[in-house]
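A closer look at the structure
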Amino acid sequence: MYSALSMAKYIIDKCTKDGYPISNLQLQKILYYIQREFLQQGAMAFPENIEAWQFGPVVPEVYKQYCGFGALPIRMRYVVVIQSNDENIINPIIEKKRILNPWDMVSDTHSSGKAWDLIYRDGLGDHQIIPQELIKSKG
């Protein structure tokens, strides 16, 4: 297991190195998809909570670190060691999701009946934790 910030740094570094820098919004969604995949495989990518915010699932600690970029691409380099078996799970998610329109990812995570939707409830659950079991089962 990694910290959410370490995972974020890995994602940012990979996207920067590959020539596909991402925004904070994209980063948040990619973190969500990675955590969902790990949970569905019986593990956790990181222990930090994911919350239901207006524009989708957010890891608050990571958001605070990169919110200064606004909608601009985050172009930073880091050295983060990820185990190769975990890279085999993480890298395809990053490569598939980073090329999507960020608002398509927002639409996906906002879909009716999915974990974010069940917690956010038209704003009543704003900034509430999305339980890991719900992320695992409802996506």
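The model shown is predicted, which means the values in this text are computed figures rather than measured ones.

1. A word on the packing of helix α1 (residues 4-17) against helix α4 (residues 84-97)
α4 packs onto α1 with a crossing angle of 55° between their chain directions and a minimal axis gap of 11 Å. When the axis of α1 is compared with that of α4, the two are oblique. Handedness of the α1/α4 crossing: right-handed. Facing α1, whose interface residues are Met7, Tyr10, Ile11, Lys14 and Cys15, α4 presents Glu87, Ile90, Asn91, Ile94 and Glu95. Residue classes in the contact of α1 with α4 are distributed as six nonpolar, one polar and three charged.

2. Some points on helix α5 (residues 102-109)
Within the sequence span of α5, burial applies to Met105, Val106 and Thr109. Considered in projection along α5, the buried side chains sweep an arc of 105° and stay on one side of the axis. Buried residues along α5 sit against α2 (24-40), β2 (56-58), α4 and α6 (115-120). The opening residue of α5, the one whose side-chain oxygen lies 2.7 Å from the backbone nitrogen of Trp103, is Asn101.

3. Some words on the nonpolar core
Core analysis: the largest hydrophobic core is formed by 39 residues, its most contacted members being Met7, Ile11, Leu27, Leu31 and Ile34. When residues of this core are traced back to their parent elements, those giving at least two are α1, α2, α3 (60-66), α4, α6 and α7 (132-138). Ranked by residues supplied to this core, first place goes to α2 with eight residues. Discounting chain neighbours no more than four positions away, the residues touching Leu27 are Ala8, Ile11, Ile12, Ile22, Val62, Tyr66 and Ile74.

4. Considering the environment of Leu39
Relative to the helices and strands, Leu39 resides in helix α2. On the basis of relative accessibility, which here comes to 8%, the residue Leu39 falls in the buried class. Sequence separation between Leu39 and Ile50 is 11 residues; the distance between their C-alpha atoms is 13 Å. Once you skip the residues sitting within four places of it in the chain, Leu39 turns out to touch Met44, Gln132, Ile135 and Lys136.

5. Here's the deal with the pattern of salt bridges
Per the counting criterion, the structure on display carries five salt bridges. As a salt-bridge pair, Lys14 and Glu95 come within 2.9 Å of each other at their nearest N and O atoms. Of the two residues, Lys14 sits in helix α1 while Glu95 sits in helix α4, which places them 81 residues apart along the sequence. On the accessibility criterion, Lys14 (9% relative accessible area) is buried. Between Lys114 and Asp108 there is a salt bridge, with its nearest N and O atoms 2.7 Å apart. A relative accessible area of 25% places Asp108 in the partly exposed class. When salt bridges that share partners are traced, they join Lys14, Asp18, Glu95 and Arg98 into one network.

The rules we used
- Residues numbered from 1 in each chain as written.
- Predicted model: local features only at pLDDT ≥ 70, side-chain atom pairs only at ≥ 80, totals over all residues.
- Heavy atoms only, no water.
- Axes fitted to C-alpha atoms, helices over the stretch in contact; angles between N-to-C directions.
- Helix = DSSP H or I, 4+ residues; strand = E, 2+ residues; numbered from the N terminus.
- Parallel < 35°, antiparallel > 145°, perpendicular 65-115°, else oblique.
- Left-handed = near helix turned anticlockwise from the far one by under 90°.
- Contact = heavy atoms within 4.5 Å.
- Nonpolar A, V, L, I, M, F, W, Y, C, P; charged D, E, K, R; others polar.
- Buried < 20%, exposed > 50% of the residue type's maximum accessible area, 1.4 Å probe, protein only.
- Arc of directions from axis to C-beta.
- Polar contact = N/O pair within 3.5 Å; in protein donor to acceptor, adjacent residues only side chain to side chain.
- Core = buried A, V, L, I, M, F, W, Y, C linked by side-chain atoms within 4.5 Å.
- Salt bridge = Lys/Arg side-chain N within 4 Å of Asp/Glu carboxyl O.

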